[in-house]
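Each chain is listed here by its residues.
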Amino acid sequence: MRVTFTISNKPILTLNVDMATKCVTTEYCDDPRTVDPIILPEERTYDGLTRRLKFLMSDKPDDRSLPELLADLKVNGIAVPWQYNLNVIVSE
């Protein structure tokens, strides 16, 4: 599964997520000064991505798994009040 973070429709980070092995690899990273405030390098792991998406997607405690979060993103997208140009695209 591919997770692409965009700002104003410009890709800034693409992560490949292997659900079977719970491994996340960085496919593309634009400029660390742009990407790091959204998701730090040490958060670009399966558990780190899960925590960061929960933070970005909700202001309440959230017990969804990464597959559930990505399925929700795929259907509903994301709305982050302090970063209104941020979008996360989930593709196969």
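Residues numbered from 1 in each chain as written. Predicted model: local features only at pLDDT ≥ 70, side-chain atom pairs only at ≥ 80, totals over all residues. Heavy atoms only, no water.

**Q** Honestly, the sheet that holds strand β1 (residues 2-7) in this entry has me stumped. Any pointers?
**A** Two strands in a sheet stick together by hydrogen bonds in their backbones, pointing the same way (parallel) or opposite ways (antiparallel). If you walk across this open sheet you meet the four strands as β3-β2-β1-β4, and the pairing is antiparallel. Pairing within the sheet leaves two strands with one partner each, and these edge strands are β3 (23-29) and β4 (86-91). Each neighbouring strand pair of the sheet contributes to a mean axis angle of 20 degrees, computed without reference to strand direction. Relative to β4, β1 runs antiparallel, the two sharing six bridges. Residue T6 lies in a different strand from β4, and its bridge partner there is N87. Relative to the sheet, helix α3 (residues 66-76) contacts β1, β2 (10-18) and β4, its axis offset from that of β4 by approximately 110 degrees. (Pairing = 2+ DSSP bridges. Helix = DSSP H or I, 4+ residues; strand = E, 2+ residues; numbered from the N terminus. Axes fitted to C-alpha atoms, helices over the stretch in contact; angles between N-to-C directions. Contact = heavy atoms within 4.5 Å.)

**Q** Looking at this model, I keep getting lost on helix α2 (residues 46-57). Mind explaining?
**A** Structurally, the α-helix is built with 3.6 residues per turn, so residues lying three or four positions apart point the same way. The terminal C-alpha atoms of α2, which comprises twelve residues, lie 16 Å apart, in line with the 16 Å expected from a rise of 1.5 Å per residue. Taken as a whole, α2 has its buried residues at Y46, G48, L49, T50, R52, L53 and L56. Elements that come into contact with the buried residues of α2 comprise β1, β2, β3, α3 and β4. (Expected span 1.5 Å × (residues − 1). Buried < 20%, exposed > 50% of the residue type's maximum accessible area, 1.4 Å probe, protein only.)

**Q** Even after reading the chapter, I still don't get α3, so can you show me in this structure?
**A** All of the buried residues in α3 are L66, L69, L70 and L73. The buried residues of α3 all sit within an arc of 95 degrees when viewed along its axis, so they share a single face. Exposed side chains of α3 directed beyond 90 degrees from the buried face belong to V75 and N76. Where α3 is buried, its residues meet β1, β2, α2 and β4. Among the residues trailing α3, G77 stands out with phi positive, at a value near 70 degrees. (Arc of directions from axis to C-beta.)

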